[in-house]
Amino acid sequence: MSTVLCADIGTSSLKAALITGTGESVAFSRRMFLRHYTAHAALEWLPALRDAAAELAAQQQNGSASAGAGDTIDAGDEVAAICISGNGPTLVAEDGTTLLWNAPVPAAESETSTQTALPPEAAHSLYIPRLLAFKRMFPAAWDHSPRILSGPEHLIWQLCGGTHTSALTILPEARYAAAYWSSAALAAAGIPEAGAKLAPFAAPAARAGELCREAAGLLQSGGLQIPQGTPVYCGAPDFISALAGTNTLHPGAVCDRAGSSEGLNLCTANPVSMDGIRTLPSPVAPYWNASFLLPESGTRFSAVKQKAERLCGRQLEFAAFVRSCMESGGSGTVFAEGWRLMQEIAAQIKEGMRALSAAAAASGTPAPHSATVTGGQAANDAWNQMKADVTGMDIVVPACRDAELLGDAVFAFCGMGIFSSVSEGAARLFRAAKTFRAGKAPCVHSPAEAPAGSGA
(Lines give C-alpha, C1' and ligand atoms only; values in the text may rest on other atoms or scores of the structure.)
Protein backbone atom coordinates (compact mmCIF):
# COMPACT_ATOMS: atom_id res chain seq x y z
CA MET A 1 0.00 0.00 0.00
CA SER A 2 1.65 3.27 -1.14
CA THR A 3 1.59 5.95 1.53
CA VAL A 4 2.44 9.62 1.11
CA LEU A 5 3.42 12.24 3.67
CA CYS A 6 1.19 15.25 3.06
CA ALA A 7 1.72 18.61 4.79
CA ASP A 8 -0.05 21.95 4.61
CA ILE A 9 1.48 25.18 5.91
CA GLY A 10 -1.19 27.38 7.46
CA THR A 11 -0.85 30.80 9.01
CA SER A 12 -0.64 29.58 12.61
CA SER A 13 0.08 25.85 12.28
CA LEU A 14 1.34 23.04 10.09
CA LYS A 15 -0.89 20.03 9.50
CA ALA A 16 0.47 16.70 8.28
CA ALA A 17 -0.92 13.26 7.58
CA LEU A 18 0.01 9.88 6.18
CA ILE A 19 -2.50 9.10 3.44
CA THR A 20 -2.83 5.82 1.57
CA GLY A 21 -3.63 5.14 -2.07
CA THR A 22 -7.29 4.65 -1.14
CA GLY A 23 -7.57 8.05 0.51
CA GLU A 24 -7.36 6.93 4.15
CA SER A 25 -5.72 9.38 6.53
CA VAL A 26 -4.06 6.85 8.80
CA ALA A 27 -2.10 9.25 11.01
CA PHE A 28 -2.49 12.97 11.63
CA SER A 29 -0.54 15.74 13.38
CA ARG A 30 -0.96 19.46 13.87
CA ARG A 31 1.94 21.59 15.12
CA MET A 32 1.29 25.15 16.24
CA PHE A 33 3.65 27.98 15.32
CA LEU A 34 5.07 30.52 17.77
CA ARG A 35 6.56 32.95 15.23
CA HIS A 36 3.66 33.50 12.85
CA TYR A 37 3.18 37.13 11.91
CA THR A 38 6.90 37.72 12.42
CA ALA A 39 9.57 38.25 9.78
CA HIS A 40 10.98 34.80 10.64
CA ALA A 41 7.83 32.68 10.33
CA ALA A 42 9.36 30.33 7.73
CA LEU A 43 12.11 29.27 10.14
CA GLU A 44 9.51 27.19 12.01
CA TRP A 45 8.20 25.20 9.06
CA LEU A 46 10.89 22.53 8.70
CA PRO A 47 11.16 21.93 12.48
CA ALA A 48 7.35 21.73 12.62
CA LEU A 49 7.38 19.08 9.89
CA ARG A 50 10.07 17.18 11.82
CA ASP A 51 7.92 17.22 14.97
CA ALA A 52 4.84 16.21 12.99
CA ALA A 53 6.76 13.30 11.45
CA ALA A 54 7.72 12.12 14.94
CA GLU A 55 4.08 12.21 16.04
CA LEU A 56 2.98 10.33 12.93
CA ALA A 57 5.61 7.66 13.62
CA ALA A 58 4.44 7.38 17.24
CA GLN A 59 0.87 6.81 16.07
CA GLN A 60 2.11 3.99 13.83
CA GLN A 61 4.09 2.39 16.63
CA ASN A 62 1.18 2.66 19.06
CA GLY A 63 -1.19 1.04 16.60
CA SER A 64 -3.48 4.06 16.48
CA ALA A 65 -2.77 4.60 12.82
CA SER A 66 -5.02 1.80 11.64
CA ALA A 67 -8.08 2.89 9.67
CA GLY A 68 -11.25 1.45 8.22
CA ALA A 69 -11.69 -0.49 5.01
CA GLY A 70 -8.72 -2.68 5.88
CA ASP A 71 -6.16 0.11 5.46
CA THR A 72 -3.27 -0.07 7.91
CA ILE A 73 0.36 0.89 7.74
CA ASP A 74 2.98 -0.97 9.67
CA ALA A 75 5.63 0.80 11.70
CA GLY A 76 8.25 -0.44 9.24
CA ASP A 77 6.52 0.82 6.09
CA GLU A 78 8.37 3.52 4.16
CA VAL A 79 6.76 6.69 2.91
CA ALA A 80 6.66 6.59 -0.90
CA ALA A 81 6.44 10.35 -1.55
CA ILE A 82 6.05 13.79 0.02
CA CYS A 83 3.70 16.57 -1.08
CA ILE A 84 3.45 20.08 0.37
CA SER A 85 0.77 22.77 0.09
CA GLY A 86 0.31 26.09 1.87
CA ASN A 87 -1.13 29.55 1.88
CA GLY A 88 -0.06 32.21 -0.57
CA PRO A 89 1.07 34.68 -1.70
CA THR A 90 3.43 34.31 1.24
CA LEU A 91 6.97 35.35 0.26
CA VAL A 92 10.19 33.91 1.72
CA ALA A 93 13.84 34.76 1.04
CA GLU A 94 16.47 32.04 1.16
CA ASP A 95 17.51 33.16 4.66
CA GLY A 96 13.94 32.64 5.93
CA THR A 97 12.83 36.28 5.94
CA THR A 98 9.07 36.02 5.59
CA LEU A 99 6.14 38.20 4.55
CA LEU A 100 2.97 36.20 5.20
CA TRP A 101 0.16 36.41 2.68
CA ASN A 102 -2.03 38.44 5.05
CA ALA A 103 0.60 40.23 7.12
CA PRO A 104 0.09 44.00 7.22
CA VAL A 105 2.54 46.24 5.38
CA PRO A 106 3.33 49.87 6.23
CA ALA A 107 0.16 51.93 5.94
CA ALA A 108 1.54 54.38 3.41
CA GLU A 109 2.42 51.48 1.12
CA SER A 110 -0.37 49.05 1.83
CA GLU A 111 -1.42 46.43 -0.65
CA THR A 112 -4.55 48.42 -1.49
CA SER A 113 -2.80 51.68 -2.25
CA THR A 114 -0.09 49.87 -4.21
CA GLN A 115 -2.70 47.99 -6.19
CA THR A 116 -4.44 51.21 -7.28
CA ALA A 117 -1.10 52.65 -8.42
CA LEU A 118 -0.04 49.62 -10.42
CA PRO A 119 0.15 49.87 -14.21
CA PRO A 120 -2.41 47.89 -16.25
CA GLU A 121 0.08 45.09 -16.94
CA ALA A 122 0.31 44.32 -13.21
CA ALA A 123 -3.14 45.39 -12.00
CA HIS A 124 -4.50 41.85 -11.59
CA SER A 125 -1.45 40.34 -9.87
CA LEU A 126 -1.77 39.00 -6.33
CA TYR A 127 2.01 38.75 -6.01
CA ILE A 128 3.42 42.01 -7.37
CA PRO A 129 2.02 44.21 -4.56
CA ARG A 130 3.52 41.81 -2.01
CA LEU A 131 6.84 41.73 -3.87
CA LEU A 132 6.98 45.52 -3.81
CA ALA A 133 6.19 45.49 -0.08
CA PHE A 134 8.82 42.80 0.59
CA LYS A 135 11.49 44.86 -1.19
CA ARG A 136 10.58 47.97 0.83
CA MET A 137 10.35 46.20 4.18
CA PHE A 138 13.35 43.85 3.87
CA PRO A 139 15.83 45.50 1.48
CA ALA A 140 18.84 43.48 2.69
CA ALA A 141 17.04 40.16 2.27
CA TRP A 142 15.80 41.26 -1.15
CA ASP A 143 19.26 42.29 -2.33
CA HIS A 144 21.15 39.27 -1.00
CA SER A 145 18.69 36.45 -1.69
CA PRO A 146 19.13 34.73 -5.07
CA ARG A 147 15.60 33.39 -4.78
CA ILE A 148 12.29 34.66 -3.43
CA LEU A 149 9.89 31.74 -3.06
CA SER A 150 6.33 31.37 -1.85
CA GLY A 151 5.37 29.42 1.28
CA PRO A 152 5.06 25.75 0.30
CA GLU A 153 7.71 26.14 -2.38
CA HIS A 154 10.24 27.29 0.24
CA LEU A 155 9.69 24.14 2.33
CA ILE A 156 9.84 21.97 -0.81
CA TRP A 157 13.14 23.66 -1.72
CA GLN A 158 14.53 22.95 1.76
CA LEU A 159 13.49 19.30 1.64
CA CYS A 160 15.27 18.91 -1.69
CA GLY A 161 18.51 20.38 -0.37
CA GLY A 162 18.16 23.92 -1.69
CA THR A 163 19.12 22.92 -5.23
CA HIS A 164 18.61 25.26 -8.17
CA THR A 165 16.32 22.81 -9.96
CA SER A 166 14.04 22.36 -6.94
CA ALA A 167 13.27 26.10 -6.76
CA LEU A 168 9.80 26.29 -8.32
CA THR A 169 6.65 28.39 -8.21
CA ILE A 170 3.45 26.34 -8.23
CA LEU A 171 0.99 27.77 -10.76
CA PRO A 172 -2.41 26.15 -10.10
CA GLU A 173 -3.42 26.28 -13.77
CA ALA A 174 -2.19 28.17 -16.83
CA ARG A 175 -4.98 30.76 -16.58
CA TYR A 176 -3.57 31.90 -13.21
CA ALA A 177 -0.50 33.49 -14.83
CA ALA A 178 -2.01 37.00 -14.79
CA ALA A 179 -2.64 36.65 -11.03
CA TYR A 180 1.04 35.82 -10.53
CA TRP A 181 3.48 37.75 -12.75
CA SER A 182 5.17 38.11 -16.11
CA SER A 183 8.43 39.81 -17.09
CA ALA A 184 6.46 42.66 -18.63
CA ALA A 185 4.34 43.12 -15.50
CA LEU A 186 7.39 43.10 -13.22
CA ALA A 187 9.14 45.67 -15.40
CA ALA A 188 6.05 47.88 -15.53
CA ALA A 189 5.82 47.74 -11.71
CA GLY A 190 9.42 48.90 -11.40
CA ILE A 191 11.00 45.64 -10.20
CA PRO A 192 12.45 44.03 -13.34
CA GLU A 193 15.17 42.41 -11.18
CA ALA A 194 12.49 40.25 -9.56
CA GLY A 195 12.35 38.13 -12.69
CA ALA A 196 15.74 36.65 -11.85
CA LYS A 197 14.75 35.99 -8.23
CA LEU A 198 11.40 34.31 -8.88
CA ALA A 199 11.41 30.60 -9.64
CA PRO A 200 9.92 29.17 -12.84
CA PHE A 201 6.32 27.98 -12.86
CA ALA A 202 5.47 24.33 -12.24
CA ALA A 203 2.09 22.60 -12.11
CA PRO A 204 0.61 20.85 -9.08
CA ALA A 205 1.80 17.22 -9.05
CA ALA A 206 5.12 18.18 -10.67
CA ARG A 207 8.13 16.40 -9.21
CA ALA A 208 10.30 19.06 -7.57
CA GLY A 209 13.17 16.76 -6.64
CA GLU A 210 14.21 14.19 -4.08
CA LEU A 211 14.51 14.30 -0.29
CA CYS A 212 18.08 15.28 0.55
CA ARG A 213 20.24 13.47 3.10
CA GLU A 214 20.00 16.20 5.76
CA ALA A 215 16.22 16.53 5.51
CA ALA A 216 15.78 12.74 5.51
CA GLY A 217 17.82 12.50 8.71
CA LEU A 218 15.74 15.23 10.29
CA LEU A 219 12.42 13.54 9.46
CA GLN A 220 13.73 10.11 10.43
CA SER A 221 14.93 11.34 13.83
CA GLY A 222 11.48 10.72 15.30
CA GLY A 223 11.16 7.24 13.81
CA LEU A 224 9.32 7.86 10.52
CA GLN A 225 10.60 5.59 7.75
CA ILE A 226 11.32 8.04 4.94
CA PRO A 227 14.59 7.44 3.09
CA GLN A 228 16.85 9.85 1.29
CA GLY A 229 15.81 10.10 -2.36
CA THR A 230 12.06 9.95 -1.64
CA PRO A 231 10.36 12.01 -4.39
CA VAL A 232 8.97 15.40 -3.37
CA TYR A 233 5.96 16.66 -5.33
CA CYS A 234 4.38 20.07 -5.70
CA GLY A 235 1.07 20.49 -3.95
CA ALA A 236 -0.74 23.78 -4.53
CA PRO A 237 -1.98 26.87 -2.74
CA ASP A 238 -4.17 25.55 0.08
CA PHE A 239 -7.35 26.85 -1.56
CA ILE A 240 -6.63 24.77 -4.66
CA SER A 241 -5.66 21.71 -2.61
CA ALA A 242 -8.96 21.98 -0.72
CA LEU A 243 -10.95 21.92 -3.97
CA ALA A 244 -9.14 18.74 -5.00
CA GLY A 245 -9.54 17.21 -1.54
CA THR A 246 -13.31 17.83 -1.50
CA ASN A 247 -13.72 16.64 -5.12
CA THR A 248 -15.54 19.86 -6.02
CA LEU A 249 -13.97 20.11 -9.46
CA HIS A 250 -17.06 19.66 -11.65
CA PRO A 251 -19.80 22.21 -12.44
CA GLY A 252 -22.41 22.51 -9.69
CA ALA A 253 -20.15 21.25 -6.87
CA VAL A 254 -19.67 23.51 -3.83
CA CYS A 255 -16.79 23.55 -1.33
CA ASP A 256 -17.42 25.35 1.99
CA ARG A 257 -13.94 26.09 3.32
CA ALA A 258 -14.10 27.38 6.89
CA GLY A 259 -11.24 28.70 8.96
CA SER A 260 -10.36 32.18 10.17
CA SER A 261 -12.60 33.29 7.33
CA GLU A 262 -15.06 31.25 5.28
CA GLY A 263 -15.35 30.83 1.53
CA LEU A 264 -18.20 29.21 -0.39
CA ASN A 265 -16.81 28.00 -3.71
CA LEU A 266 -18.91 26.88 -6.69
CA CYS A 267 -17.39 25.20 -9.72
CA THR A 268 -18.97 26.82 -12.80
CA ALA A 269 -19.02 25.95 -16.47
CA ASN A 270 -18.23 29.55 -17.46
CA PRO A 271 -16.84 32.66 -15.72
CA VAL A 272 -19.26 34.76 -13.67
CA SER A 273 -19.39 38.55 -13.33
CA MET A 274 -21.66 39.44 -10.40
CA ASP A 275 -21.48 41.76 -7.40
CA GLY A 276 -20.23 39.93 -4.34
CA ILE A 277 -18.78 37.03 -6.34
CA ARG A 278 -15.06 36.55 -6.99
CA THR A 279 -14.28 34.48 -10.07
CA LEU A 280 -11.00 32.62 -10.54
CA PRO A 281 -10.05 29.71 -12.80
CA SER A 282 -10.75 26.23 -11.52
CA PRO A 283 -7.65 24.05 -11.27
CA VAL A 284 -9.37 21.91 -13.91
CA ALA A 285 -9.80 23.58 -17.31
CA PRO A 286 -12.10 24.75 -18.80
CA TYR A 287 -14.07 25.29 -15.57
CA TRP A 288 -14.11 28.26 -13.20
CA ASN A 289 -14.57 28.90 -9.50
CA ALA A 290 -17.10 31.41 -8.17
CA SER A 291 -16.50 32.39 -4.52
CA PHE A 292 -18.63 34.10 -1.91
CA LEU A 293 -16.46 35.21 1.00
CA LEU A 294 -17.32 35.67 4.69
CA PRO A 295 -14.30 37.62 5.94
CA GLU A 296 -13.08 36.86 9.46
CA SER A 297 -16.15 34.84 10.43
CA GLY A 298 -14.02 32.24 12.20
CA THR A 299 -11.80 34.88 13.79
CA ARG A 300 -14.85 36.69 15.18
CA PHE A 301 -16.28 33.46 16.58
CA SER A 302 -12.96 32.60 18.24
CA ALA A 303 -12.92 36.03 19.88
CA VAL A 304 -16.42 35.47 21.28
CA LYS A 305 -15.35 32.03 22.54
CA GLN A 306 -12.36 33.55 24.33
CA LYS A 307 -14.63 36.14 25.93
CA ALA A 308 -16.94 33.37 27.16
CA GLU A 309 -13.94 31.50 28.58
CA ARG A 310 -12.95 34.56 30.58
CA LEU A 311 -16.48 34.82 31.96
CA CYS A 312 -16.53 31.10 32.82
CA GLY A 313 -13.01 31.09 34.21
CA ARG A 314 -12.04 27.99 32.21
CA GLN A 315 -11.24 26.82 28.70
CA LEU A 316 -14.15 25.57 26.61
CA GLU A 317 -13.96 22.88 23.96
CA PHE A 318 -15.15 24.15 20.59
CA ALA A 319 -17.96 21.59 20.28
CA ALA A 320 -19.17 22.26 23.83
CA PHE A 321 -19.12 26.00 23.24
CA VAL A 322 -21.17 25.69 20.05
CA ARG A 323 -23.66 23.43 21.81
CA SER A 324 -23.99 25.85 24.74
CA CYS A 325 -24.51 28.79 22.37
CA MET A 326 -27.29 26.95 20.55
CA GLU A 327 -28.94 25.82 23.77
CA SER A 328 -28.88 29.38 25.13
CA GLY A 329 -31.21 30.60 22.41
CA GLY A 330 -29.72 34.06 22.82
CA SER A 331 -30.42 34.37 26.54
CA GLY A 332 -27.96 34.56 29.40
CA THR A 333 -24.73 36.50 29.72
CA VAL A 334 -22.10 33.93 28.71
CA PHE A 335 -23.30 32.28 25.50
CA ALA A 336 -25.85 34.75 24.12
CA GLU A 337 -23.28 36.64 22.06
CA GLY A 338 -22.09 33.39 20.50
CA TRP A 339 -25.66 32.42 19.60
CA ARG A 340 -26.27 35.81 17.97
CA LEU A 341 -23.05 35.56 15.98
CA MET A 342 -23.94 32.04 14.83
CA GLN A 343 -27.30 33.35 13.62
CA GLU A 344 -25.54 36.16 11.77
CA ILE A 345 -23.05 33.80 10.13
CA ALA A 346 -25.82 31.35 9.19
CA ALA A 347 -27.73 34.19 7.52
CA GLN A 348 -24.59 35.16 5.59
CA ILE A 349 -24.11 31.56 4.48
CA LYS A 350 -27.72 31.45 3.27
CA GLU A 351 -27.15 34.69 1.36
CA GLY A 352 -23.97 33.21 -0.11
CA MET A 353 -25.70 30.04 -1.24
CA ARG A 354 -28.39 32.13 -2.92
CA ALA A 355 -25.70 34.18 -4.67
CA LEU A 356 -23.99 31.01 -5.86
CA SER A 357 -27.30 29.64 -7.14
CA ALA A 358 -27.72 32.86 -9.14
CA ALA A 359 -24.15 32.50 -10.39
CA ALA A 360 -24.90 28.94 -11.47
CA ALA A 361 -27.96 30.08 -13.44
CA ALA A 362 -25.99 32.90 -15.09
CA SER A 363 -23.13 30.63 -16.13
CA GLY A 364 -25.05 27.65 -17.49
CA THR A 365 -24.08 25.55 -14.47
CA PRO A 366 -26.25 22.95 -12.72
CA ALA A 367 -27.87 24.38 -9.60
CA PRO A 368 -26.01 23.36 -6.43
CA HIS A 369 -27.91 21.16 -3.97
CA SER A 370 -25.13 20.30 -1.52
CA ALA A 371 -21.91 21.70 -0.12
CA THR A 372 -18.87 19.75 1.05
CA VAL A 373 -17.31 21.33 4.14
CA THR A 374 -13.69 21.38 5.22
CA GLY A 375 -11.82 23.03 8.07
CA GLY A 376 -12.44 23.19 11.81
CA GLN A 377 -16.21 23.55 11.56
CA ALA A 378 -16.46 20.28 9.64
CA ALA A 379 -15.89 18.45 12.92
CA ASN A 380 -18.91 20.01 14.65
CA ASP A 381 -22.19 18.21 14.02
CA ALA A 382 -24.36 20.94 15.56
CA TRP A 383 -22.86 23.61 13.32
CA ASN A 384 -23.25 21.44 10.21
CA GLN A 385 -26.88 20.66 11.06
CA MET A 386 -27.52 24.36 11.56
CA LYS A 387 -26.07 25.11 8.10
CA ALA A 388 -28.31 22.46 6.55
CA ASP A 389 -31.41 23.76 8.35
CA VAL A 390 -30.77 27.40 7.43
CA THR A 391 -29.72 26.89 3.80
CA GLY A 392 -31.94 23.92 2.92
CA MET A 393 -28.91 22.31 1.27
CA ASP A 394 -27.23 19.02 2.12
CA ILE A 395 -23.99 19.53 4.04
CA VAL A 396 -21.46 16.78 3.31
CA VAL A 397 -18.59 16.11 5.73
CA PRO A 398 -15.58 14.32 4.19
CA ALA A 399 -13.88 11.35 5.80
CA CYS A 400 -10.69 13.46 5.62
CA ARG A 401 -11.87 16.75 7.14
CA ASP A 402 -8.60 18.55 6.38
CA ALA A 403 -9.19 18.56 2.65
CA GLU A 404 -5.90 20.29 1.81
CA LEU A 405 -4.07 17.16 2.93
CA LEU A 406 -6.21 14.85 0.81
CA GLY A 407 -5.67 17.24 -2.10
CA ASP A 408 -1.93 16.86 -1.57
CA ALA A 409 -2.37 13.09 -1.76
CA VAL A 410 -4.25 13.53 -5.05
CA PHE A 411 -1.34 15.55 -6.46
CA ALA A 412 1.30 13.10 -5.18
CA PHE A 413 -0.42 10.06 -6.64
CA CYS A 414 -0.91 11.91 -9.94
CA GLY A 415 2.80 12.70 -9.94
CA MET A 416 3.55 9.04 -9.27
CA GLY A 417 1.43 8.05 -12.26
CA ILE A 418 -1.23 6.26 -10.22
CA PHE A 419 -3.93 8.65 -11.48
CA SER A 420 -4.01 10.17 -14.94
CA SER A 421 -5.56 13.47 -13.85
CA VAL A 422 -6.42 15.53 -10.78
CA SER A 423 -10.12 14.98 -11.51
CA GLU A 424 -9.64 11.21 -11.51
CA GLY A 425 -7.58 11.29 -8.35
CA ALA A 426 -10.07 13.48 -6.50
CA ALA A 427 -12.98 11.25 -7.48
CA ARG A 428 -11.09 8.10 -6.47
CA LEU A 429 -9.78 9.32 -3.10
CA PHE A 430 -12.69 11.38 -1.78
CA ARG A 431 -15.19 9.72 0.57
CA ALA A 432 -18.04 11.23 2.57
CA ALA A 433 -18.40 10.46 6.27
CA LYS A 434 -21.73 12.19 7.02
CA THR A 435 -24.46 14.12 5.27
CA PHE A 436 -26.63 16.63 7.16
CA ARG A 437 -30.07 17.41 5.75
CA ALA A 438 -32.55 20.08 6.79
CA GLY A 439 -34.82 18.87 9.57
CA LYS A 440 -33.45 15.33 9.52
CA ALA A 441 -30.98 13.24 11.46
CA PRO A 442 -27.53 13.08 9.84
CA CYS A 443 -26.78 10.17 7.53
CA VAL A 444 -23.59 8.28 8.38
CA HIS A 445 -21.98 6.70 5.31
CA SER A 446 -20.09 3.48 5.04
CA PRO A 447 -16.77 3.67 3.14
CA ALA A 448 -18.43 2.37 -0.03
CA GLU A 449 -21.26 4.91 -0.04
CA ALA A 450 -21.25 8.17 -1.99
CA PRO A 451 -24.11 10.60 -1.29
CA ALA A 452 -25.84 12.26 -4.20
CA GLY A 453 -24.31 15.59 -5.06
CA SER A 454 -21.02 14.97 -3.21
CA GLY A 455 -19.14 14.23 -6.36
CA ALA A 456 -17.77 11.05 -4.89
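Structure: see above.
What comes next concerns the included structure. (Residues numbered from 1 in each chain as written. Predicted model: local features only at pLDDT ≥ 70, side-chain atom pairs only at ≥ 80, totals over all residues. Heavy atoms only, no water.)

The next point concerns the overall build of the chain. Counting secondary structure elements, the chain contains 16 helices and 19 strands. Taking 23 Å as the expected radius of gyration for a compact globule of 456 residues, we find that the chain reaches 22 Å, a close match to that expectation. Once the C-alpha set of the chain is aligned to its principal axes, its extents read approximately 60 × 55 × 50 Å. Residues classed as buried in the chain amount to 53% of the 456 residues present. Summarising the internal contacts of the chain: among those between residues at least 6 apart in sequence, 66% fall at separations of at least 24. Of the roughly 18100 Å² that the chain leaves accessible, carbon and sulfur atoms contribute 53%. Charge-centre separation for the chain: the mean point of 31 positive side chains lies 5 Å from the mean point of 39 negative side chains. (Helix = DSSP H or I, 4+ residues; strand = E, 2+ residues; numbered from the N terminus. Rg over C-alpha atoms; globule rule 2.2 N^0.38 Å. Buried < 20%, exposed > 50% of the residue type's maximum accessible area, 1.4 Å probe, protein only. Contact = heavy atoms within 4.5 Å. Areas by Shrake-Rupley, 256 points an atom, 1.4 Å probe, with all protein chains shown as cover. Lys, Arg positive; Asp, Glu negative; His and termini not counted. Charge placed at Lys NZ, Arg CZ, Asp CG, Glu CD.)

It is worth spelling out the packing of helix α15 (residues 403–415) against helix α16 (residues 422–429) at this point. Interaxial distance between α15 and α16 falls to 9 Å at its minimum, and their mutual angle equals 125°. One way to sum up the angle between α15 and α16 is to call them oblique. By crossing handedness, the relation of α15 to α16 is classed as right-handed. Residues Leu406, Ala409, Val410, Phe411, Phe413 and Cys414 of α15 pack against Val422, Gly425, Ala426 and Leu429 of α16. (Axes fitted to C-alpha atoms, helices over the stretch in contact; angles between N-to-C directions. Parallel < 35°, antiparallel > 145°, perpendicular 65-115°, else oblique. Left-handed = near helix turned anticlockwise from the far one by under 90°.)

Residues Leu5 and Leu159 are the most contacted members of the largest nonpolar core, which totals 98 residues. The residues contacting Leu5, other than those within four sequence positions of it, are Ala16, Ala17, Leu18, Leu49, Leu56, Val79, Ala81, Ile82, Cys83, Leu219, Leu224 and Ile226. In terms of nonpolar packing, the next biggest core, distinct from the first, is built from 36 residues, Ala290, Phe301, Ile345 and Ala378 among them. (Core = buried A, V, L, I, M, F, W, Y, C linked by side-chain atoms within 4.5 Å.)

Moving on, we get to helix α3 (residues 128–137). Among the ten residues of α3, seven are classified as buried, and the element is accordingly described as predominantly covered. Of all the residues in α3, the buried ones are Ile128, Pro129, Arg130, Leu131, Leu132, Ala133 and Phe134.

With that out of the way, let us pick up helix α10 (residues 238–245). Along α10, eight of the eight residues are buried, which leaves the element largely enclosed by surrounding structure. Within α10 the residues assigned to the buried category are Asp238, Phe239, Ile240, Ser241, Ala242, Leu243, Ala244 and Gly245. Looking at the residues trailing α10, positive phi occurs at Asn247, about 55°.

Quick look at the sheet that holds strand β16 (residues 370–375) now. The eight strands are arranged β14-β15-β13-β12-β16-β17-β18-β19 in an open sheet whose pairing can be described as mixed. Every other strand in the sheet has two partners, leaving β14 (278–281) and β19 (443–444) as the edge strands with one partner each. Judged from the two bridges that link them, strand β18 (residues 432–436) and β19 form a sheet pairing that is antiparallel. Pairing of Thr435 across the sheet is with Cys443, part of β19. Each of β12 (254–258), β13 (262–268), β15 (288–294) and β16 is contacted by helix α13 (residues 336–362), which is oriented at about 15° to β13, the strand it contacts most. (Pairing = 2+ DSSP bridges.)

This part takes up the pattern of salt bridges. In this structure the tally under the stated criterion is 19 salt bridges. The salt bridge involving Lys135 is made with Glu193; its shortest N-O contact spans 2.7 Å. Pair noted here: Lys135 is in helix α3 and Glu193 is in the loop between α7 (183–188) and α8 (194–197), with a separation of 58 residues, a long-range link. Ionic pairing is found between Glu214 and Arg213, a salt bridge with its closest N-O pair at 3.1 Å. We classify Arg213 as exposed; its relative accessible area is 55%. Residues participating in the shared-partner salt-bridge network are Lys15, Asp238, Arg257, Asp402 and Glu404. (Salt bridge = Lys/Arg side-chain N within 4 Å of Asp/Glu carboxyl O.)

So, on to unusual backbone geometry. Ala285 connects to Pro286 through a cis peptide bond whose omega is 5°. Here Pro286 lies in the loop between β14 and β15. Located in the positive-phi region is Ala205, a residue other than glycine, with phi close to 85°. Its place among the elements puts Ala205 in the loop between β9 (201–202) and β10 (207–210). Looking at Ala205, the relative accessible area reads 15%, which means it is buried. With a phi angle near 60°, Glu296 is a residue other than glycine that sits in the positive phi range. Following the sequence through the fold, Glu296 ends up in the loop between β15 and α11 (297–312).

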